[in-house]
Amino acid sequence: MSWIDRVRNSLPFTTKRDTPDNLWVKCPSCKEMLFTKEYEDNLSVCPRCEHHGRIGADARFAQLLDPGFEILPSPKVKEDPLKFRDSKKYPDRLKAARLANPHPDALTNALGKIGGHKAVLAVQDFAFMGGSMGMAVGAAFVAGADRALKEKCAFVICTAAGGARMQEGILSLMQMPKTTVAVSRLSRAGLPYIVVLTDPTTGGVTASYAMLGDVQIAEPGCLIGFAGQRVIQDTIREKLPEGFQRAEYLLEHGMIDMVVHRRDLKAKLATVLDYLGAAKAA
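The following refers to the structure shown. The numbers attached to residues start from 1 for each chain and follow its sequence in the written order. Local features in a predicted model are, by the rule used here, given only for residues with pLDDT of at least 70; side-chain atom pairs are given and counted only at 80 or more, and totals for whole chains, interfaces and linings are based on all residues. Hydrogens and waters are ignored; side-chain quantities use all the structure's heavy atoms.

Turning our eyes to something else, we now look at the overall build of the chain. Going along the chain from the N terminus, every DSSP run of H or I of four or more residues is numbered as a helix, and every run of E of two or more is numbered as a strand. In terms of regular secondary structure, the chain is built from 11 helices and 9 strands. Considering only C-alpha atoms, the chain reaches an extent of 90 × 45 × 45 Å along its principal axes. When each of the 282 residues of the chain is scored for burial, the buried share is 42%. By sequence separation, contacts in the chain at least 24 residues apart represent 66% of the contacts at least 6 residues apart. Surface exposure here means Shrake-Rupley accessible area, sampled with a 1.4 Å probe, where a residue is shielded only by the protein chains that are shown. Surface summary for the chain: the accessible area is close to 15400 Å², and the carbon and sulfur share equals 56%. For every residue, the accessible area (1.4 Å probe, protein chains only) is compared with the maximum for its type, and the residue is labelled buried under 20%, exposed over 50%, or partly exposed between those bounds. Whether two residues touch is decided by their heavy atoms; if any such pair falls within 4.5 Å, the residues are in contact.

Shown next, in the form of structure tokens:
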């Protein structure tokens, strides 16, 4: 045995401790490595560059609703009506998405209060098949609007979607007029409909209920658009301006009403609800 082996064998090595895989998170904007706990304590906003990360429905409910809110049941719809299959069967994709997410589809409603003001809050989760709009999302949106009508309260939605769900074909596109009719019913009843645009909100969702709010709020830096930037550039054969389809650009050009940091969002919603409630009373 060589001297180095003798020395190595005589040293009292301890078992290496396992490091949790989720201890760190990398900011997609500035690429800084952040402690996951620090990141989550900061509402999933990067403390270095203020990039607003994508969050799920449960986190959004906890951030925006007062304690004691109720998550509403999701309506049942016919699944895989077109018997769609690409590299996988559509039911298999749904099953995988449900195993990875706490709710049965991309849009979930909750009834509660925002700063003391009763409201139905709907949240789209981009983690569920890109937040895509299918029949389940359309049905959940209408159910949320119906509950707001029943409770005579505001309907608030946080949008996040890549567009319509291709596995449902034309049936997914039919959700655009369906949700638009639900918004018009809220308007006729004099109930506020407030949209919070989060990253990303694109496609048929943008072309329907995401841009029909009485008040349009967006989180900083979020992507908002219908077609992709490259598609638009190739179509019109012109270079698009810097920051095109970002929240700040849309605010500057009058497409939305305000851009609000996530830490201020609940207070801003409460102020808007208070103002709209006073206007309705008057």
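To continue, consider the side chain of Thr 201. With respect to the element layout, Thr 201 can be found in strand β7 (residues 193-201). Aside from chain neighbours lying at most four places away, what touches Thr 201 is Thr 159, Ala 160, Ala 161, Thr 206, Ala 210, Leu 223, Ile 224 and Gly 225.

We now examine the sheet that holds strand β8 (residues 215-218). In this analysis, strands are considered paired if DSSP registers two or more bridges between them. Strands sit in the order β3-β4-β5-β6-β7-β8-β9 across an open sheet of 7 strands; the sheet is mixed. Pairing within the sheet leaves two strands with one partner each, and these edge strands are β3 (70-71) and β9 (258-259). In the sheet, strand β6 (residues 154-161) pairs with β7 via 6 bridges, with the strands oriented parallel. By the bridge assignment, Ile 157 is partnered in β7 with Val 195. Here an axis means a line fitted to C-alpha atoms, over the contact stretch when the element is a helix, while the angle between two N-to-C directions is reported on a 0 to 180 degree scale. Contacting β3, β4 (107-114), β5 (117-124), β6 and β7, helix α5 (residues 135-151) runs over the sheet at an angle of about 25° to β4.

Now for the pairing of β6. Across the 8 residues that make up β6, a large majority, 8, are buried. Side chains of β6 alternate between two faces, with Ala 154, Val 156, Cys 158 and Ala 160 and Phe 155, Ile 157, Thr 159 and Ala 161 buried alike.

Let us now look at the packing of α5 against helix α7 (residues 175-188). Across the interface, α5 lies against α7 with an axial gap of 9 Å and an inter-helix angle of 5°. The angle between α5 and α7 places the two elements in the roughly parallel class. On the side of α5, the interface is formed by Met 135, Gly 138, Ala 139, Phe 141, Val 142, Ala 145, Asp 146, Ala 148 and Leu 149, while α7 contributes Gln 175, Lys 178, Thr 179, Ala 182, Val 183, Arg 185 and Leu 186. For classification purposes, an angle smaller than 35 degrees is called roughly parallel, one larger than 145 roughly antiparallel, one from 65 to 115 roughly perpendicular, and anything else oblique.

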